Amino acid sequence: QVMRRFHVHLGVPDLAASIRFYSDLFGMPPSVEKPDYAKWMIEDPRVNFAISHRTSRTGLNHLGLQAESAEELAAIRTQFAGADSEKVFDEPNVNCCYARGNKHWTKDPQGIAWEAFHTLDSVPVYGDDANEPTEVSACGNTATQCCGPAEATEQTVPTNACCA
């Protein structure tokens, strides 16, 4: 049985108004609510729906597939590579949007960012944790900063495209 969950992330200008709207729309409060971010883990249909005002633009930020295991994530990465092997960017063990996990990114022909991820743990700070890392990620930031891979390369995803 496939355990994948569809992921949608929207940038919103008024987080409080959007939390009220989506809580009413989904019939439940967010499962995660922070001053700059909210997420609903909807079971029917299985959707990870997130909003934030940390994104560079209002509206669709990115789409994605949430894997429940490393094996599922590897299978999704293979599908991404099959769609466009030159535009897959890997982010292993990255802290992003209050979570630590492994990610892969690509873009569709219209330029919409797609994220595949497997969450390993939560972190208390958006895109970072209490430790100051020395490793630099592919996007030119420290490894625990929330980012997309397009900053330092012409790979695939716009800045701040994370947030599962």
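That block above? That's the structure.
The rules behind the values
- Residues numbered from 1 in each chain as written.
- Predicted model: local features only at pLDDT ≥ 70, side-chain atom pairs only at ≥ 80, totals over all residues.
- Heavy atoms only, no water.
- Helix = DSSP H or I, 4+ residues; strand = E, 2+ residues; numbered from the N terminus.
- Contact = heavy atoms within 4.5 Å.
- Buried < 20%, exposed > 50% of the residue type's maximum accessible area, 1.4 Å probe, protein only.
- Pairing = 2+ DSSP bridges.
- Phe/Tyr/Trp six-rings, centres within 6.5 Å; stacked < 30°, edge-to-face > 60°.
- Lys NZ or Arg CZ within 6 Å of the ring centre and 35° of its normal.
- Core = buried A, V, L, I, M, F, W, Y, C linked by side-chain atoms within 4.5 Å.
- Expected span 1.5 Å × (residues − 1).
- Polar contact = N/O pair within 3.5 Å; in protein donor to acceptor, adjacent residues only side chain to side chain.

Asker: Sorry if this is basic, but what is going on with the overall build of the protein chain here?
Answerer: Counting its secondary structure elements, the protein chain contains two helices and eight strands. A fraction of 55% describes how many contacts in the protein chain between residues 6 or more apart in sequence connect residues 24 or more apart.

Asker: Even after reading the chapter, I still don't get unusual backbone geometry, so can you show me in this structure?
Answerer: The bulk of non-glycine residues show a negative phi, and the bulk of peptide bonds are trans. Cis geometry is adopted by the peptide bond preceding Pro-45, which originates at Asp-44 and carries an omega value of 0 degrees. Turning to its location among the elements, Pro-45 is positioned in the loop between strand 3 (37-43) and strand 4 (46-52).

Asker: It is not clear to me how the pairing of strand 4 should be interpreted in this structure. Could you clarify?
Answerer: Consecutive residues of a regular strand have side chains that alternate between opposite faces of the sheet. Most of strand 4 is tucked away, with six of its seven residues classed as buried. Looking at chain direction, strand 1 (residues 5-11) and strand 4 are connected through six bridges and run parallel. By the bridge assignment for strand 4, Val-8 is matched with Phe-49. Here strand 3 runs beside strand 4; their pairing, made up of seven bridges, is antiparallel.

Asker: Before we go on, may I ask you to explain the packing of aromatic side chains in this structure?
Answerer: The geometry of two aromatic rings is summed up by the distance between their centres and the angle between their planes. One pass over the structure, following the stated rule, counts nine aromatic pairs. Ring centres 5.8 Å apart and planes at 65 degrees place the aromatic pair Phe-26 and Trp-40 in the edge-to-face group. With Phe-26 in helix 1 (residues 15-26) and Trp-40 in strand 3, the pair connects residues that are 14 residues apart, well separated along the chain. For Phe-26, a relative accessible area of 27% translates into the label partly exposed. Looking at Trp-40, the relative accessible area reads 0%, which means it is buried. The rings of Phe-21, Tyr-22, Phe-26, Trp-40 and Phe-49 are connected pair by pair, giving a single aromatic cluster. Geometry around Phe-117 places Lys-103 over its ring, the cationic atom sitting 5.7 Å from the centre.

Asker: What exactly am I supposed to notice about the environment of Leu-65 here?
Answerer: Residue placement: Leu-65 occurs in strand 5 (residues 59-66). On a C-alpha basis, the gap between Leu-65 and His-118 in space is 8.9 Å, while along the polypeptide they are 53 residues apart. The contacts of Leu-65, once residues within four sequence positions are left out, are Arg-5, Phe-6, His-7, Ile-76, Trp-114, Glu-115, Ala-116 and Phe-117.

Asker: Hey, could you run me through the nonpolar core in this one?
Answerer: Among soluble globular proteins, nonpolar side chains are generally buried collectively. Leu-10, Ile-19, Tyr-22, Trp-40, Phe-49 and Ile-51 are the most contacted members of the largest nonpolar core, which totals 13 residues. For this core, the secondary-structure elements that each account for two or more residues are strand 1, helix 1, strand 3 and strand 4. Listed in part, the six residues of the second largest apolar core include Ile-76, Phe-80, Val-88 and Ala-116.

Asker: Teacher, can you tell me more about helix 1 here?
Answerer: An α-helical turn contains 3.6 residues, so a residue and the one three or four places further along point in the same direction. A rise of 1.5 Å per residue sets the reference length of helix 1, with its 12 residues, at 16 Å; its end C-alpha atoms lie 16 Å apart and thus fit the reference within 8%. As for helix 1, its buried residues are in contact with strand 1, strand 2 (32-34), strand 3 and strand 4. The distance from a side-chain oxygen at the start of helix 1 to the backbone nitrogen of Ala-16 is 3.3 Å, and the residue carrying that oxygen is Asp-14. Residue Gly-27 follows helix 1 closely and has a positive phi angle near 70 degrees.

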